[in-house]
Amino acid sequence: PTGTQKDRIAFAQIYDALRREFDVVSLATCGNYGVAVALAANLAGMECKIYIPESYHTDRILEMEALGSEIIRLPGSYEDVVVKSSKLANENGWYDANPGGTNTPLQITAYSQIATEIYEDLGDAPKYCAVPVSNGTLFAGIYRGFVSLYKRGKTSRIPKMIAASSTRKNPIVQSFLLGLDHCKDLNPETIKETKYNEPLINWHSFDGEEALYALKESGG
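Keep in mind that what you see is a predicted model, and the values were worked out from it rather than measured.

(A) Spotlight on the layout of surface pockets. Taken as a whole, the largest pocket spans an internal volume of roughly 660 Å³. Together, 36 residues line the largest pocket, and Lys 6, Cys 30, Asn 32, Ser 134 and Pro 199 are the ones closest to its centre. Among the elements of the structure, α1 (6-19), α2 (32-44), α5 (104-122) and α6 (137-151) are those that each provide at least two residues to the lining of the largest pocket. At three residues, α6 tops the list of elements feeding residues into the lining of the largest pocket.

(B) Quick peek at the sheet that holds strand β1 (residues 24-28). Strand order in the open sheet formed by four strands is β3-β2-β1-β4, with parallel pairing between adjacent strands. The two strands at the open ends of the sheet, each matched to only one other strand, are β3 (70-74) and β4 (95-96). Where β1 lies against strand β2 (residues 47-53), five bridges are found, and the strand directions are parallel. Pairing of Val 25 across the sheet is with Cys 48, part of β2.

(C) Quick look at the packing of aromatic side chains. Scanning all chains against the criterion turns up two aromatic pairs. For the ring pair Phe 22 and Tyr 95, a centre distance of 5.3 Å and an interplane angle of 80° mean the geometry is edge-to-face. Taken together, the residues span a long stretch of sequence, with Phe 22 in the loop between α1 and β1 and Tyr 95 in strand β4 at a distance of 73 residues. On the basis of relative accessible area, Tyr 95 is assigned to the buried category, the value being 2%. For the pair Tyr 78 and Phe 206, a centre-to-centre distance of 6.4 Å together with 85° between the ring planes defines the contact as edge-to-face. With Tyr 78 in helix α4 (residues 78-92) and Phe 206 in the loop between α7 (171-177) and α8 (208-217), this residue pair connects regions lying 128 residues apart in the sequence. Looking at Tyr 78, the relative accessible area reads 7%, which means it is buried.

(D) Fine view of the side chain of Ser 69. Mapped onto the fold, Ser 69 is located in the loop between α3 (61-66) and β3. Judged by relative accessible area, which is 8%, Ser 69 ranks as buried. With near-sequence residues (within four places) excluded, Ser 69 lies in contact with Ala 38, Cys 48, Ile 50 and Met 64.

(E) Here's a closer look at the pairing of strand β5 (residues 128-132). Alternating residues of β5 divide into Cys 129 and Val 131, all buried, and Tyr 128, Ala 130 and Pro 132, none buried. For β5 and strand β6 (residues 160-164), the ladder comprises five bridges, and the chain directions are parallel. Paired with Ala 130 across the strands is Ile 162, a residue of β6. In terms of handedness, the path from β5 via α6 over to β6 forms a crossover that is right-handed.

(F) Broad picture of unusual backbone geometry. Of note in the backbone geometry, Glu 21 takes a positive phi value of approximately 65° without being a glycine. Among the secondary structure elements, Glu 21 is positioned in the loop between α1 and β1.

(G) Summary view of the state of the cysteines. As enumerated under the stated definition, the model contains zero disulfides in all. Distance from the sulfur of Cys 48, which forms no disulfide, to the nearest cysteine sulfur (Cys 30) is 15 Å.

(H) Representation of the pattern of salt bridges within the structure. Overall, the coordinates contain seven salt bridges when judged by the stated rule. Notably, a salt bridge pairs Glu 70 with Lys 49, separated by 2.7 Å at the nearest N-O pair. Taken together, the positions of Glu 70 in strand β3 and Lys 49 in strand β2 put the pair 21 residues apart, joining distant regions of the chain. Judged by its relative accessible area of 38%, Glu 70 is partly exposed. The exposure class of Lys 49 is buried, given its relative accessible area of 11%. Residue Lys 87 is joined to Glu 91 by a salt bridge in which the shortest nitrogen-to-oxygen separation is 2.8 Å.

(I) Seen up close, the nonpolar core. Core analysis: the largest hydrophobic core is formed by 59 residues, its most contacted members being Val 25, Val 37, Tyr 51, Phe 139 and Ile 142. Aside from chain neighbours lying at most four places away, what touches Ile 142 is Tyr 111, Ser 112, Ile 114, Ala 115, Cys 129, Val 131 and Met 161.

(J) Spotlight on α4. For α4, spanning 15 residues, the distance from its first C-alpha to its last is 21 Å, which sits close to the expected 21 Å at 1.5 Å a residue. Those residues of α4 that fall on the buried side of the exposure criterion are Tyr 78, Glu 79, Val 81, Val 82, Ser 85, Leu 88 and Ala 89. Looking at the packing, one finds that the buried side of α4 touches β1, β2, β3 and β4. Note on α4: the residue one or two positions beyond its end, Gly 93, has a positive phi of about 75°.

Parameters and conventions
- Residues numbered from 1 in each chain as written.
- Predicted model: local features only at pLDDT ≥ 70, side-chain atom pairs only at ≥ 80, totals over all residues.
- Heavy atoms only, no water.
- 1 Å grid on protein atoms, 1.4 Å probe; cavity = no way out; pocket = protein on both sides within 12 Å on 5 of 7 lines; lining within 4 Å.
- Points joined across faces, edges and corners; volume = space filled by probe spheres on them.
- Helix = DSSP H or I, 4+ residues; strand = E, 2+ residues; numbered from the N terminus.
- Pairing = 2+ DSSP bridges.
- Phe/Tyr/Trp six-rings, centres within 6.5 Å; stacked < 30°, edge-to-face > 60°.
- Buried < 20%, exposed > 50% of the residue type's maximum accessible area, 1.4 Å probe, protein only.
- Contact = heavy atoms within 4.5 Å.
- Right-handed = clockwise from strand over helix to strand, strands pointing away.
- Disulfide = S-S within 2.5 Å.
- Salt bridge = Lys/Arg side-chain N within 4 Å of Asp/Glu carboxyl O.
- Core = buried A, V, L, I, M, F, W, Y, C linked by side-chain atoms within 4.5 Å.
- Expected span 1.5 Å × (residues − 1).

Now the structure itself:
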């Protein structure tokens, strides 16, 4: 509905929040995820608090506000704002919809449905599947979906997963190229942020280990 794959995890998180009887949902965003959660929260009648780095330029703030969400600007990088907003959610008893931690299994399951959609369109899994990789959740979810389809005999193969990102600005990609068995953070000072690349860059990936595993296991 909001023109982004983030709708899948947004609606999954709001369903989870309703089931657990939360009244407020909060998260950090570069733009797209904020709009997706704002819509889901609006439809569910939940209060939504969205944290955005002070330096970010996303035009989607207007949509978030139109959907009734509260926008809070915080200093620091996206990664800093995720940590701060998670801390505030914990302190105030709000539902924390940020990536990583206890939310990872739920978000990966929601994203795994994309593999089913691709399979239904093609009749089989493709040889390759290219996915943008920042936090790694989307990438790991789609891989997990293809593994499930293959194990259930629905497809003849699991695609080689291709991780796409801004050059030298993602720890999953750099860790893979270095042959590491874990996702190593980048030095934040080496990443130049612009108004155009801000949603695409990471010095830390919150679900990096899961994505790195998918990249290696698929021979990607």
